[in-house]
Number of protein chains: 2
Amino acid sequence: MKIHREQIIEAGMLLLDRDGLEGVTLRRVAAELHVHAGALYWHVRNKQDLLDEMANALLAEQFAQVEGPAPEQDWEHWLQGICLRLRQAMLAHREGARVVAGASFGRAILLKQLTETIIRSLLDAGFSLHLAYLICTTVLSYVYGFVIEEQAAPTPEIISKHASDGSILADIFREKGNIYTTEADFLTGLEMILDGAKRKVMNQLS
Amino acid sequence: MKIHREQIIEAGMLLLDRDGLEGVTLRRVAAELHVHAGALYWHVRNKQDLLDEMANALLAEQFAQVEGPAPEQDWEHWLQGICLRLRQAMLAHREGARVVAGASFGRAILLKQLTETIIRSLLDAGFSLHLAYLICTTVLSYVYGFVIEEQAAPTPEIISKHASDGSILADIFREKGNIYTTEADFLTGLEMILDGAKRKVMNQLS
DNA sequence: ACCTGAACACCGTTCAAGT
DNA sequence: ACCTGAACACCGTTCAAGT
C-alpha cells in the first residue's frame, strides 16, 4: 500500500466535493486510500497541512502561473480579472472559498504567489507598500466574503424561518436564488472597491 | 445544579477569551458549570446554537440598541461609525471576528437587526434594495476579513519562515506589528469602499 | 522508508433513567 | 422540568512495532 502526497490531496478534494468541508477527515481520507489514519502522518504534518495543500490544488486550476498586468493594461482591469478568476477557482469546489480563506501561506504556495504578484503590481502602479498591501487585503477579503456567502446555501429551514417576519431580509432571502449569485453582482461590488482605491491614490499623488 | 441559558453563554465567553475558539467545547462549558455535557442540551439546541448566542452577546456590548443615521447625518458617516463599532465589538474578545462571521441570523438576533438597519438606512438614502444589500454585505465582508486577519496573530514560526525568502510579504510581515493593526488602516480601506459606493449611486441616479 | 495496530485524549449528541 | 450516567459514533495525533 504505497501512498503519495499527491493521492492524499486528491482524496481530500474528492471528499470535499462529495461530503463538504466537515466531511474531510484524516480517517476518511485514509480509508479512501485503504490505509490506516496514522500512515498519513508520514506524508503530511497535520490536518491543516493537508487543507493548505488542498487550497493550493484548488488555486492551481486557475493560477497555474500568475502574471502581472500586460504592458499597456492598467492595474484595475488586471486586478479585476484576477478576482474573477479567483472566484471561479473557488466556485469550482464545494466550500472552496472557506478552504482558501482558511489556508495559510505556509503550504498554499500559490496563495502566497498570488498575493505577492498583486502587491508587486500595485507597487509598479505607483502605490506605497503600505497602501498596496491594504488594497490587496481589502480586495481579497471582499472576494472571500462574497464567495463564502455565495457557497453557503441558506437552508430551507432558515429561509422559511425568516420569510414571514416582515423584515427586509425576508424579501431578500425569498429571491435569494437571483440575488448575490451572479457574476454581475460580484463585479458591482468589486468595481466599488477598485474605484474607491483609484481615487485614494489620485488624492495621494496630488 | 440549576443552570440557566445565560450562564452557559457566559461560560462560553470565558472559555473563548481564555482558550480561544477551539477551546470552546460543550464538554468544557459543562465542566465550568459543574454539570454533565448532556445537560446543556436542555437549554441549547446544539453547539452552533451556543456560538450564535455568543456572537449575539459580543455584539450586545456595542449594539445594545441600533439606530439609523441622525436626521442631518449622511449615510456614509453613519455607516462608517457602525463599522468602527463593529470592529470594536469584535476586538473585545479573542477571535471575536471569527465568532461573528460564523454566526447565522437564527439566534444572533443583533446581527440580523444590524443588517436590517444598514439595509433600511441605505434604502432611505435612495438605494435600490439590490444595491443596498450589495453594499451592506460588501462592507460587512470587509470588516470581517480585516478583523479576522487582525486577530490572527501570525505565529513567530510563520514570520521567520517567510522573513528571509526575499518576498515582499517578508518585508510586510517584519513590520507586521505596525501595519494592519491600526484603526487608521481600517479606516483607509473602509473609505475606499464607501467612496466607491457613493459614486456608484451617483452614476445610477444620473 | 513507509505502514500497521493500538492506544490516548478528546469531541458532539442522544436518551433512558432518575429526582 | 431539568439533570445524571452511560453510551454511540466519531475525531486528530502519537508511536512502538513490523516489513
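Peer 1: Residues and numbers for the side chain of Ser167(B), please.
Peer 2: Tracing the backbone shows Ser167(B) in the loop between helix H8 (156-163) and helix H9 (168-174). A distance of 3.3 Å separates the side chain of Ser167(B) from the side chain of Glu116(A), its partner in a polar contact. Among all residues touching Ser167(B), those that are not within four sequence positions of it are Lys112(A), Glu116(A) and His162(B).

Peer 1: Just give me the short version of the packing of helix H4 (residues 75-91) of chain B against helix H6 (residues 109-124) of chain B, but keep the residues and values in it.
Peer 2: Residues and elements named next belong to chain B. The contact between H4 and H6 brings their axes to 11 Å, and the two run at 165°. With respect to H6, the element H4 is oriented roughly antiparallel. Classified by chirality, the crossing of H6 by H4 is left-handed. Side by side, H4 and H6 meet where Trp75, Trp78, Leu79, Ile82 and Leu86 of the first sit next to Leu114, Thr117, Ile118, Ser121 and Leu122 of the second. Classifying every residue of the contact of H4 with H6 gives eight nonpolar, two polar and no charged.

Peer 1: Residue-level account of the relation of the copies chain A and chain B, with values.
Peer 2: Overlay of chain A on chain B (RMSD 0.0 Å): rotation 180°, translation along the axis 0.0 Å. The transformation relating the two chain copies, once decomposed into turn and shift, fits a two-fold axis. The residues that chain A uses at the interface reappear at the interface of chain B in 100% of cases, marking a shared surface.

Peer 1: Report on the nonpolar core, specifying residues and quantitative values.
Peer 2: Of all hydrophobic cores here, the largest spans 138 residues; its most connected members are Leu79(A) and Leu79(B). If we ignore the near neighbours within four places in the chain, the residues touching Leu79(A) are Ile118(A), Ile135(A), Val139(A) and Leu194(A).

Peer 1: Describe the packing of helix H1 (residues 5-19) of chain B against helix H3 (residues 47-60) of chain B, naming the residues involved and giving the relevant values.
Peer 2: Residue and element names in this part refer to chain B. Orientation of H1 relative to H3, taken along the N-to-C sense of each, is 80°, at an axis distance of 9 Å. Considered as vectors, H1 and H3 are oriented roughly perpendicular to each other. Facing H1, whose interface residues are Arg5, Ile8, Ile9, Gly12, Met13 and Leu16, H3 presents Asp49, Leu50, Glu53, Met54, Ala57 and Leu58. Tallied by class, the residues present in the contact of H1 with H3 amount to eight nonpolar, one polar and three charged.

Peer 1: Tell me what's going on with the interface of chain A and chain B, and back it up with residues and numbers.
Peer 2: Across the boundary between the two partners, chain A contributes 47 residues, which contact 47 residues of chain B. Each partner contributes to the roughly 4300 Å² buried at the junction of chain A and chain B, and carbon and sulfur atoms together form 67% of this total. Summed over the three residues of chain A that lose the most area to chain B, namely Tyr133(A), Ile168(A) and Met192(A), the buried surface amounts to 17% of that side. Viewed at the interface, chain B and chain A are joined by six salt bridges. Applying the counting criterion to the chain A and chain B interface returns 14 residue pairs in polar contact (both at pLDDT 80 or more). Among the elements that line the side of chain A that touches chain B, the one with the most residues is helix H7 (residues 129-151) of chain A, at 13 residues. For the side of chain A that touches chain B, the per-class residue count stands at 20 nonpolar, 13 polar and 14 charged.

Peer 1: Can you explain the packing of aromatic side chains? Please cite residues and give values.
Peer 2: When we look at a pair of aromatic rings, we describe it by the centre distance and by the angle of the planes. Tallied over the entire structure, the rule returns eight aromatic pairs over all chains. Measuring from ring centre to ring centre gives 5.6 Å for Tyr142(B) and Phe186(B), while their planes differ by 15°; the resulting arrangement is stacked. Of this pair, Tyr142(B) sits in helix H7 (residues 129-151) while Phe186(B) sits in helix H10 (residues 183-205), placing them 44 residues apart in sequence. Tyr142(B) gets classed as buried once you look at its relative accessible area, which sits at 2%. Cluster of aromatic residues (ring-pair linked, three or more members): Tyr142(A), Phe146(A) and Phe186(A). A cation over a ring is seen here: Arg87(A) above Phe186(A), with NZ or CZ 5.2 Å from the ring centre.

Peer 1: How would you sum up the domain arrangement of chain A? Please name residues and give values.
Peer 2: Residues and elements named next belong to chain A. By the assigned domains, chain A splits into domain 1 (1-45) and domain 2 (64-205). Taking only C-alpha atoms into account, the centre of domain 1 sits 29 Å from that of domain 2. Every contact between the two is made by eight residues of domain 1 and, on the other side, six residues of domain 2. Here domain 1 meets domain 2 over a buried area of about 630 Å², counting both sides, of which 52% is carbon and sulfur. Among the residues domain 1 hides against domain 2, the three largest losses belong to Leu16, Asp17 and Leu21. Together they make up 59% of the total.

Peer 1: Quick rundown of the side chain of Asn56(B)? Include the residues and the values.
Peer 2: Residues and elements named next belong to chain B. Secondary-structure assignment places Asn56 in helix H3. Taking the relative accessible area as the measure of exposure, Asn56 reaches 14% and is therefore buried. Each residue touching Asn56, except ones within four places of it in the same chain, is listed here: Arg107, Ala108, Ile109, Leu110 and Leu111.

Peer 1: Before we move on, can you summarise the environment of Gly145(A) with the specific residues and values?
Peer 2: With respect to the secondary-structure elements, Gly145(A) resides in helix H7. For the pair Gly145(A) and Ala64(A), spaced 81 residues apart in sequence, the C-alpha to C-alpha distance is 23 Å.

Rules used throughout
Residues numbered from 1 in each chain as written. Chains lettered and ligands numbered in written order. Predicted model: local features only at pLDDT ≥ 70, side-chain atom pairs only at ≥ 80, totals over all residues. Heavy atoms only, no water. Helix = DSSP H or I, 4+ residues; strand = E, 2+ residues; numbered from the N terminus. Polar contact = N/O pair within 3.5 Å; in protein donor to acceptor, adjacent residues only side chain to side chain. Contact = heavy atoms within 4.5 Å. Axes fitted to C-alpha atoms, helices over the stretch in contact; angles between N-to-C directions. Parallel < 35°, antiparallel > 145°, perpendicular 65-115°, else oblique. Left-handed = near helix turned anticlockwise from the far one by under 90°. Nonpolar A, V, L, I, M, F, W, Y, C, P; charged D, E, K, R; others polar. Least-squares fit on C-alpha atoms with pLDDT ≥ 70 in both. Core = buried A, V, L, I, M, F, W, Y, C linked by side-chain atoms within 4.5 Å. Buried < 20%, exposed > 50% of the residue type's maximum accessible area, 1.4 Å probe, protein only. Buried area = accessible area lost by both parts, 1.4 Å probe. Salt bridge = Lys/Arg side-chain N within 4 Å of Asp/Glu carboxyl O. Phe/Tyr/Trp six-rings, centres within 6.5 Å; stacked < 30°, edge-to-face > 60°. Lys NZ or Arg CZ within 6 Å of the ring centre and 35° of its normal. Domains from an automatic or database assignment.

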